[in-house]
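# Overview (structure and organization)
Listed here are the chains, written in short residue letters.
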2 protein chains.
Amino acid sequence: MSDEPVDLSTGLSCPLPISEYKRILLAHGGGGRLTNQLIKSIFLTVFNNSILSSLHDGAVFDIGSTRIAYSTDSYVVNPIFFPGGNIGDLAVNGTVNDLAMCGADPLYLSVGFIIEEGLLIEDLVRVVEGIERAARRAGVSIVTGDTKVVDRGKGDKIYVNTSGIGIVFEGVDIKPQNVRVGDKIIISGKIAQHGISIMSVREGLEFGTTVESDTAPLNHLVKSILRVTKNIHMMRDPTRGGLASSLNEIAEAANVGIFIIERSIPIDEEVKSACELLGFDPLYVANEGKMIIVVPPSEVDIVLNIMHNHPLGRDAAVIGEVVDSHHGTVVMKTRIGGMRVVDMLTGEQLPRIC
Amino acid sequence: MSDEPVDLSTGLSCPLPISEYKRILLAHGGGGRLTNQLIKSIFLTVFNNSILSSLHDGAVFDIGSTRIAYSTDSYVVNPIFFPGGNIGDLAVNGTVNDLAMCGADPLYLSVGFIIEEGLLIEDLVRVVEGIERAARRAGVSIVTGDTKVVDRGKGDKIYVNTSGIGIVFEGVDIKPQNVRVGDKIIISGKIAQHGISIMSVREGLEFGTTVESDTAPLNHLVKSILRVTKNIHMMRDPTRGGLASSLNEIAEAANVGIFIIERSIPIDEEVKSACELLGFDPLYVANEGKMIIVVPPSEVDIVLNIMHNHPLGRDAAVIGEVVDSHHGTVVMKTRIGGMRVVDMLTGEQLPRIC
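Residues numbered from 1 in each chain as written. Chains lettered and ligands numbered in written order. Predicted model: local features only at pLDDT ≥ 70, side-chain atom pairs only at ≥ 80, totals over all residues.

### Description of the overall build of chain A
A tally of regular secondary structure across chain A gives nine helices and 14 strands. A globule of 354 residues ought to have a C-alpha radius of gyration of about 20 Å, and chain A, at 20 Å, matches this closely. Considering only C-alpha atoms, chain A reaches an extent of 55 × 55 × 50 Å along its principal axes. Per-residue burial for chain A yields a buried fraction of 56% across its 354 residues. Looking at chain A alone, contacts between residues at least 24 apart form 82% of all its contacts between residues at least 6 apart. (Helix = DSSP H or I, 4+ residues; strand = E, 2+ residues; numbered from the N terminus. Rg over C-alpha atoms; globule rule 2.2 N^0.38 Å. Buried ≥ 20, exposed ≤ 12 C-beta atoms within 10 Å, placed from the backbone. Contact = placed C-beta atoms within 7 Å.)

This is how it looks when you write it as structure tokens:
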């Protein structure tokens, strides 16, 4: 496979976007710099419309007098069963969370399966039950679906796509462009659990106890917060690419600097050790039940109070703030007191983590 | 692989649906009997809700005072480029058509890619351009998306999922349960073109001329019809499993008999020869730009007149009617005058046709 840069804009009949690579790499799906580049250089260029360009977790538009949020995600996680869930739970929670991050109440989901010939029906049933269990927990309905089967060796057991529709809460306006200097950055709980859970199964690692994926629906927590204050500037669930990549996306889209303090970031001791053992930086490891929430200083106590009283926000903490320097960049005060630029994920740390 | 029937309801902790097979076969994705069985025995059982149970091409529900149609489809067609289109066009037209078949005006689409590592960026761009071209032709916007990359040998170039949202036209109520004895069955044009186009590329066959896929958006044609009459009982696009499987689905869901006349069914001479050569029954070969429309006798001339004046309905013809005998079954008067039961597709005639 040749990785040399190539300019696709030459020799073809219409103006084409430019990509650095000739072929798709695993890293193009990693949620970091290359995914970002693919989105900007190809998808946003060819699908040129304002709703897509907002670069939110989902699209937001009006139907009649109702503000709708709409999102989709495909799941290719390997293995399909892991401590704390399966690809089915993950697919529902992922789309529910994308809608919740738009300030919406998720209502209806679609499910599309791409199944590899030979999958045990029993395994399919476990996945389908995972989907229904997660849908019930989130309070959403699976209303439409599709099933395709591909020949052996052209898939990997099962891939699941979900899309979802939600109604944006009245008076709520959440988008990266609303982020302001002085805003505080809150994370809802301990980071890096999903990624380490998957890696421990994949590598057959044994720690003291099993690290469980944090896959969970955040919509009820979001609803509780929005019931008390609508003065929320931005929310995002740091999945692929981890906390670091999501903060970079926000800094870039809002054209602000983000400053975080390493020792404020909640992380489980076991997960931290596992990261050290595996050579991973936990800032880049995927979460599937955590959210970043950016709020004006006036709202911090109100929001933290709600979060600390909710099972999915018990360990919520302020980890930093939005600053008027190093625009588009995330800077972290490290545990030992130094300053470090926390870049977007480059390359692919954990392929097929979600 | 073992194919012996197995009863999954035993030995597990909760009541589980029963399936005839232990493992997923290619035929479970063929759009025929096994797909139907999978939907009924697993999906409808586990995802138990009234919207899903309507067994329509899409879900229909209200948001505020607006009636919404919502649908999803994954595309795994092989090869990804074929005469008349590519997997991108197909994915947009397929979801647009599912929404149109619900009597809706399609507005917004999501796109999810599952890409195999190593895909040429150039090929991705061609697919993305196919999506945009088809979206523009149908008048819909791609508003949200997702990209995953899987390792080599765990996918096949690119799989595309689309989901879509449309607004159901006022006063329109289209569902299999509305079909009545005496209704006439119209097909919008020549059948079996998509399937034969794909097979000719796959098998490297050369006919006199190239058989092109009929992939096309039917929403404008549907809109023209509904502008003139809303008295339409049912519409369906006969994709996987072909005309025969779609008519069987309607007969079963409406609990009526369907009677069709073989010599009334429009088919291209070249496609007919290709079917004979390949040993395919054209009634089971996929279409991607055709629709079945079931109307009361009073509406036949009105509908045919609109169709004959539209490029996608030029060859529209009445092919049969709904009868009060052999309920749940499709019977055809053959070209040589005999009567034949036209069953749902059994097994898998053309894997990965869409």
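Alright, that's what it looks like, and here's the rest.
### Topic: unusual backbone geometry
A cis geometry characterises the amide bond from Asn78(A) onward to Pro79(A), with omega recorded as 5 degrees. One non-glycine residue, Lys157(B), lies in the positive phi region at around 65 degrees. Assignment of secondary structure puts Lys157(B) in the loop between strand 6 (141-150) and strand 7 (158-168). Overall, Lys157(B) belongs to the buried group, with 21 C-beta atoms counted inside 10 Å.

### Side note on the sheet that holds strand 7 (residues 158-168) of chain A
Pairing between sheet strands relies on hydrogen bonds along the backbone, with the strands arranged either parallel or antiparallel. Residues and elements named next belong to chain A. Judged by pairing direction, the sheet is mixed, and its five strands sit side by side in the order 1-2-7-5-6 without closing on themselves. Single-partner strands in this sheet number two, and they are strand 1 (59-63) and strand 6 (141-150). Neighbouring strand axes in the sheet, compared pairwise and without regard to direction, differ in orientation by 20 degrees on average. Sheet topology places strand 1 next to strand 2 (residues 66-75); five bridges connect them, and they run antiparallel. Following the sheet pairing, Phe61 is matched in strand 2 by Ile68. Of the strands in this sheet, strand 2, strand 5 (104-116) and strand 7 are in contact with helix 3 (residues 87-101), which crosses strand 7 at around 30 degrees. (Pairing = 2+ DSSP bridges. Axes fitted to C-alpha atoms, helices over the stretch in contact; angles between N-to-C directions.)

### Structural notes on the nonpolar core
Core analysis: the biggest nonpolar cluster contains 224 residues, and Leu124(A), Ile158(A), Ile258(A), Leu124(B), Ile158(B) and Ile258(B) have the highest contact counts within it. In contact with Ile258(A), not counting residues within four places along its chain, are Ile185(A), Leu247(A), Ile250(A), Ala251(A), Gly320(A), Val322(A) and Val330(A). (Core = buried A, V, L, I, M, F, W, Y, C linked by C-beta atoms within 7 Å.)

### So, the relation of the copies chain A and chain B
What relates the two chain copies is a rotation about an axis together with a slide along it. Of the two same-sequence chains, chain A is brought onto chain B (RMSD 0.0 Å, axial shift 0.0 Å) by a rotation of 180 degrees. Viewed as a symmetry operation, the transformation between the two copies matches a two-fold axis. No C-alpha of chain A approaches the rotation axis more nearly than that of Gly155(A), which lies at 2.3 Å. A share of 100% of the interface residues of chain A reappears at the interface of chain B, consistent with the copies meeting face to face through the same patch. (Least-squares fit on C-alpha atoms with pLDDT ≥ 70 in both.)

### Brief notes about the packing of helix 6 (residues 219-228) of chain A against helix 9 (residues 300-308) of chain A
Residue and element names in this part refer to chain A. Here helix 6 crosses helix 9 at 145 degrees, and the two axes come no closer than 10 Å. With respect to the hand of their crossing, helix 6 and helix 9 are arranged in right-handed fashion. Residues Leu221, Ser224, Ile225 and Val228 of helix 6 touch helix 9, and the partners they reach there are Ile302, Val303, Ile306 and Met307. Grouping the constituent residues of the contact of helix 6 with helix 9 by class yields seven nonpolar, one polar and no charged. (Left-handed = near helix turned anticlockwise from the far one by under 90°. Nonpolar A, V, L, I, M, F, W, Y, C, P; charged D, E, K, R; others polar.)

### With respect to the interface of chain A and chain B
Each side of the interface is counted separately: chain A has 74 residues, and chain B has 74 residues. Broken down by secondary-structure element, the contributors of at least two residues to the side of chain A that touches chain B are helix 1 (33-46), helix 2 (50-53), strand 1, strand 2, strand 5, helix 4 (121-138), strand 6 and strand 7 of chain A. The leading source of residues in the side of chain A that touches chain B is strand 6 of chain A, at ten residues. A class-by-class count of the residues in the side of chain A that touches chain B yields 38 nonpolar, 23 polar and 13 charged.

### As for the packing of helix 4 of chain A against helix 1 (residues 33-46) of chain B
At a minimum axis separation of 9 Å, helix 4 of chain A and helix 1 of chain B run at an interaxial angle of 25 degrees. In terms of their interaxial angle, helix 4 of chain A and helix 1 of chain B are classed as roughly parallel. Relative to helix 1 of chain B, helix 4 of chain A is oriented so that their crossing is right-handed. Within the contact between the two elements, helix 4 of chain A uses Leu124(A), Val125(A), Val128(A), Glu129(A) and Glu132(A) and helix 1 of chain B uses Ile42(B), Phe43(B) and Val46(B). (Parallel < 35°, antiparallel > 145°, perpendicular 65-115°, else oblique.)

### Details of the environment of Thr334(A)
Residue and element names in this part refer to chain A. By the element assignment, Thr334 lies in the loop between strand 13 (330-333) and strand 14 (339-341). Once the C-alpha coordinates of Thr334 and Gln193 are considered, the two residues, 141 residues apart in sequence, prove to be 21 Å apart. Other than its neighbours up to four places away in sequence, Thr334 contacts Glu262 and Arg340.

### Some details on the domain arrangement of chain A
Residues and elements named next belong to chain A. In terms of domains, chain A is made up of domain 1 (1-48), domain 2 (55-168) and domain 3 (176-341). Counting residues at the interface gives 23 residues for domain 2 and 25 residues for domain 3. The biggest single contributor to the side of domain 2 that touches domain 3 is helix 3, with eight residues. Here the side of domain 2 that touches domain 3 is composed, by residue class, of twelve nonpolar, seven polar and four charged. (Domains from an automatic or database assignment.)

### Considerations on helix 8 (residues 269-278) of chain A
Residue and element names in this part refer to chain A. Of the positions making up helix 8, those classed as buried are Val271, Ala274 and Cys275. Down the axis of helix 8, the buried side of the element spans an arc of 100 degrees, and every buried residue falls inside it. Residues of helix 8 that are exposed and point more than 90 degrees away from the buried face comprise Glu269 and Glu276. If you follow the buried residues of helix 8, they end up packed against helix 5 (193-202). The positive-phi residue at the C-terminal boundary of helix 8 is Gly279, with phi of around 75 degrees. (Arc of directions from axis to C-beta.)

### Brief notes about the pairing of strand 5 of chain A
All names here are of chain A. Extensive coverage of strand 5 is indicated by the burial of ten of its 13 residues. Sheet topology note: the strand 5/strand 7 ladder contains eleven bridges and is antiparallel. Note on strand 7: the bridge partner recorded for Phe113 is Val160. As paired strands, strand 5 and strand 6 are joined by nine bridges and run parallel to one another. Bridging from a neighbouring strand, Tyr108 pairs with Ser141 of strand 6. The β-α-β motif built from strand 5, the intervening helix 4 and the parallel element strand 6 has right-handed crossover chirality. (Right-handed = clockwise from strand over helix to strand, strands pointing away.)

### What about helix 6 (residues 219-228) of chain B?
Residue and element names in this part refer to chain B. Those residues of helix 6 that sit buried are Asn219, Leu221, Val222, Ile225 and Leu226. One face of helix 6 carries all of its buried residues, which in axial projection span an arc of 155 degrees. For helix 6, the exposed residues lying more than 90 degrees away from the buried face are Arg227 and Val228. Looking at the buried side of helix 6, the elements it contacts are helix 3 (87-101), strand 5 (104-116), helix 4 (121-138), strand 9 (234-236) and helix 9 (300-308).

### So, the sheet that holds strand 8 (residues 184-187) of chain A
Residue and element names in this part refer to chain A. In spatial order, the strands read 9-11-8-12-10-13-14; together these seven strands make up an open sheet with mixed pairing. Whereas interior strands pair on both sides, the edge strands pair on one side only; in this sheet they are strand 9 (234-236) and strand 14. Averaged over all pairs of adjacent strands, the angle between strand axes in this sheet comes to 25 degrees, irrespective of strand direction. One ladder, built from four bridges, connects strand 8 with strand 12 (residues 317-323); its direction is antiparallel. Of the residues in strand 12, the one forming a bridge with Lys184 is Glu321. The strands touched by helix 7 (residues 242-254) are strand 8, strand 9, strand 10 (257-261), strand 11 (292-295) and strand 13; relative to strand 10, the strand with the most contacts, the crossing angle is about 150 degrees.

### Digging into the environment of Arg137(B)
Relative to the elements of secondary structure, Arg137(B) occurs in helix 4. Spatially, the C-alpha atoms of Arg137(B) and Ala216(B) are 8.8 Å apart, while their sequence positions differ by 79 residues.

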